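Overview (structure and organization)
Below, each chain spelled out in residue letters.
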Amino acid sequence: MPELPEVETVRRGLEPVLAGAAFAEVVQRRKALRFPLPENFAQRLTGRRVERLERRAKYLLATLDNGEVLAMHLGMSGRFTIQRPGANAQRPGEFLHEAGGSSAHDHVEFIMSNGVVVRYNDVRRFGFMALLPGDELATHKLFCALGPEPLGPAFTPQYLAQTLSNKRTSLKAALLDQRIVAGLGNIYVCEALHRARLSPRRQAGSLTTKSGRPGARASRLVPAIKGVLEDAILAGGSTLRDYRAIDGALGYFQHSFAVYARLGQRCPRDGCKGIVSKIVQGGRSTFFCPQCQR
DNA sequence: AAGAACTCCTGTTGGC
DNA sequence: TGCCAACAGGAGTTCT
């Protein structure tokens, strides 16, 4: 479910309640999510203080006062909700979890020293949590192969053209590959390719010119990716089905989609008369405008 | 060895 | 209305 903008929105919501607080109690309702939860998970967290909450790709990283890092991935349907101390009555229109009390698919609960209850809910259980030594993060198998942050300075047209050179897979599949660039998912790849006027079917290696320089296409694509992500973060992410920020707020970037989930509608690009198409690539739906995306 | 297919899981939706 | 197949924001594993 959540891609980089949604995870970043969750991070910004959780950071004020987690950073500086300690785990007073940890409730673990099942042994495993996608993978087994860490051995002695609750015991190892209890009493630890969270020093900071960061994001890498689609991971949330809570650095603890003993040097360990709690890494959390939301998978497709994972979400965090918070219950503030004394917030018992459900107010009209309020997100269910804000009313307090756990519900089905709440798999982990963090009761913090500041009285806030943070719940991890994940219907499909494709998410997972790991507890790792901080100094081993960079070399851990979950993180060592991740590509650069798309919003970071290392993600440049030069980097992308270089990395994609000779790749025969589709541009769509390449951008979903977290080893190439880390944090994009199905929605934002579709949207970025539309902004860059590039076909999702184009061979990834075709971004590289004969001279090996980035060329016009890579030079359009990189700013398109950054722009889409920045706009989506400003909008609090996209709510398709059930994604919410931790306070229950809806993202609203879905209202700005140019192509995603807009099959059959007019391409919104000025002067383009195309109709949004849908194809399947690697088992995932791709939305694009065959008219202006080449 | 790159690239594509399959897999995990539950809930919702759309077509008949 | 009911039933059932298709599909959903991800990504590790297994195949070809």
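Higher on the page you've got the structure.
Please read all numbers here as calculations on a predicted model, not as lab measurements.

Rules behind the numbers
- Residues numbered from 1 in each chain as written.
- Chains lettered and ligands numbered in written order.
- Predicted model: local features only at pLDDT ≥ 70, side-chain atom pairs only at ≥ 80, totals over all residues.
- Heavy atoms only, no water.
- Helix = DSSP H or I, 4+ residues; strand = E, 2+ residues; numbered from the N terminus.
- Rg over C-alpha atoms; globule rule 2.2 N^0.38 Å.
- Buried < 20%, exposed > 50% of the residue type's maximum accessible area, 1.4 Å probe, protein only.
- Contact = heavy atoms within 4.5 Å.
- Areas by Shrake-Rupley, 256 points an atom, 1.4 Å probe, with all protein chains shown as cover.
- Lys, Arg positive; Asp, Glu negative; His and termini not counted.
- Charge placed at Lys NZ, Arg CZ, Asp CG, Glu CD.
- Near = heavy atom within 4 Å.
- Polar contact = N/O pair within 3.5 Å; in protein donor to acceptor, adjacent residues only side chain to side chain.
- Nonpolar A, V, L, I, M, F, W, Y, C, P; charged D, E, K, R; others polar.
- Pairing = 2+ DSSP bridges.
- Salt bridge = Lys/Arg side-chain N within 4 Å of Asp/Glu carboxyl O.
- Phe/Tyr/Trp six-rings, centres within 6.5 Å; stacked < 30°, edge-to-face > 60°.
- Axes fitted to C-alpha atoms, helices over the stretch in contact; angles between N-to-C directions.
- Left-handed = near helix turned anticlockwise from the far one by under 90°.

Overview of the overall build of chain A
- Secondary structure summary: chain A contains 6 helices and 10 strands in total.
- Taking 294 residues into account, the globule formula puts the C-alpha radius of gyration at 19 Å, and chain A, at 20 Å, falls close to it.
- With respect to the three principal axes, the spread of C-alpha positions in chain A is 60 × 45 × 30 Å.
- By the burial criterion, 54% of the 294 residues in chain A qualify as buried.
- Counted over contacts in chain A with a minimum sequence separation of 6, partners at least 24 positions apart contribute 65%.
- Accessible area for chain A stands at about 13,400 Å²; split by element, carbon and sulfur atoms hold 48% of it.
- Here chain A contributes 42 positively and 25 negatively charged side chains, and the mean placements of these two sets differ by 12 Å.

What about the protein's contact with DNA strand B?
- Surveying the vicinity of DNA strand B reveals the residues His 105, Val 123, Arg 124, Arg 125, Phe 126, Lys 167, Arg 168 and Thr 169.
- Backbone atoms, meaning sugar and phosphate, make up 66% of the atoms of DNA strand B lying within 4 Å of the protein.
- Note that a base oxygen of DNA strand B is positioned 2.8 Å from one of the side-chain N or O atoms of Arg 124.
- A distance of 2.8 Å is found between a phosphate oxygen of DNA strand B and a side-chain nitrogen or oxygen belonging to Thr 169.
- When its residues are assigned to classes, the surface near DNA strand B shows 2 nonpolar, 2 polar and 4 charged.

Examining the pairing of strand β7 (residues 117-122)
- Most of β7 is tucked away: 6 of the 6 residues are buried.
- Residues Val 117, Arg 119 and Asn 121 of β7 are buried on one face, and the alternating residues Val 118, Tyr 120 and Asp 122, pointing to the opposite face, are buried as well.
- The sheet contact formed by strand β5 (residues 78-83) and β7 spans 6 bridges and is antiparallel. Looking across to β7, one finds that Thr 81 is bridged to Arg 119.
- For strand β6 (residues 106-112) and β7, the ladder comprises 5 bridges, and the chain directions are antiparallel. Note on β7: the bridge partner recorded for Glu 109 is Arg 119.
- Taking the residues that link successive antiparallel strands as the turn, the β6-β7 hairpin has 4 residues, and the phi of Gly 115 there is positive, at about 90 degrees.

Looking at the pattern of salt bridges
- Evaluated as defined, the whole model comprises 14 salt bridges.
- Here Arg 48 ties to Asp 65 by a salt bridge, and the two come within 2.6 Å at their closest N and O atoms. Of this pair, Arg 48 sits in the loop between α2 (41-45) and β2 (50-56) while Asp 65 is found in the loop between β3 (59-64) and β4 (68-73), placing the two residues 17 residues apart along the sequence.
- Taking the shortest distance from any N to any O, the salt bridge between Arg 119 and Asp 106 comes out at 4.0 Å.

Digging into the packing of aromatic side chains
- Under the criterion given, the structure shown has 10 aromatic pairs.
- Seen from their ring centres, Phe 35 and Phe 128 are 5.0 Å apart, and the 65 degrees between their planes marks the pair as edge-to-face. You can see Phe 35 sitting in the loop between β1 (23-28) and α2 and its partner Phe 128 sitting in strand β8 (residues 128-133), a full 93 residues away along the chain.
- Of the residues examined, Phe 128 reaches a relative accessible area of 9% and is grouped as buried.

With respect to the packing of helix α1 (residues 4-18) against helix α6 (residues 215-234)
- Between α1 and α6, the least distance of the axes is 9 Å, while the angle of their chain directions is 40 degrees. Crossing of α1 over α6 shows right-handed handedness. Contacts between α1 and α6 involve Leu 4, Pro 5, Glu 8, Thr 9 and Arg 12 from the former and Leu 229, Ala 232 and Ile 233 from the latter.
- The residue inventory of the contact of α1 with α6, partitioned by class, reads 5 nonpolar, 1 polar and 2 charged.

Structural notes on the sheet that holds β6
- The 4 strands lie next to each other as β1-β6-β7-β5, forming an open sheet whose pairing is antiparallel. Among the strands making up the open sheet, the edge pair consists of β1 and β5. Ignoring which end each strand starts from, the neighbouring axes of this sheet average 15 degrees apart.
- Contacting β5, β6 and β7, α1 crosses the sheet at an angle of about 35 degrees to β5.

Quick word on the sheet that holds β4
- The antiparallel open sheet is built from 4 strands, whose spatial order is β2-β3-β4-β8. Two strands in the sheet have a free side with no partner beyond their single neighbour: β2 and β8. Averaged over neighbouring strand pairs, the angle between their axes works out to 20 degrees when direction is ignored.
- Pairing geometry for β2 and β3, over 6 bridges, is antiparallel. From the neighbouring strand, Arg 52 faces β3, where its bridge partner is Thr 63.

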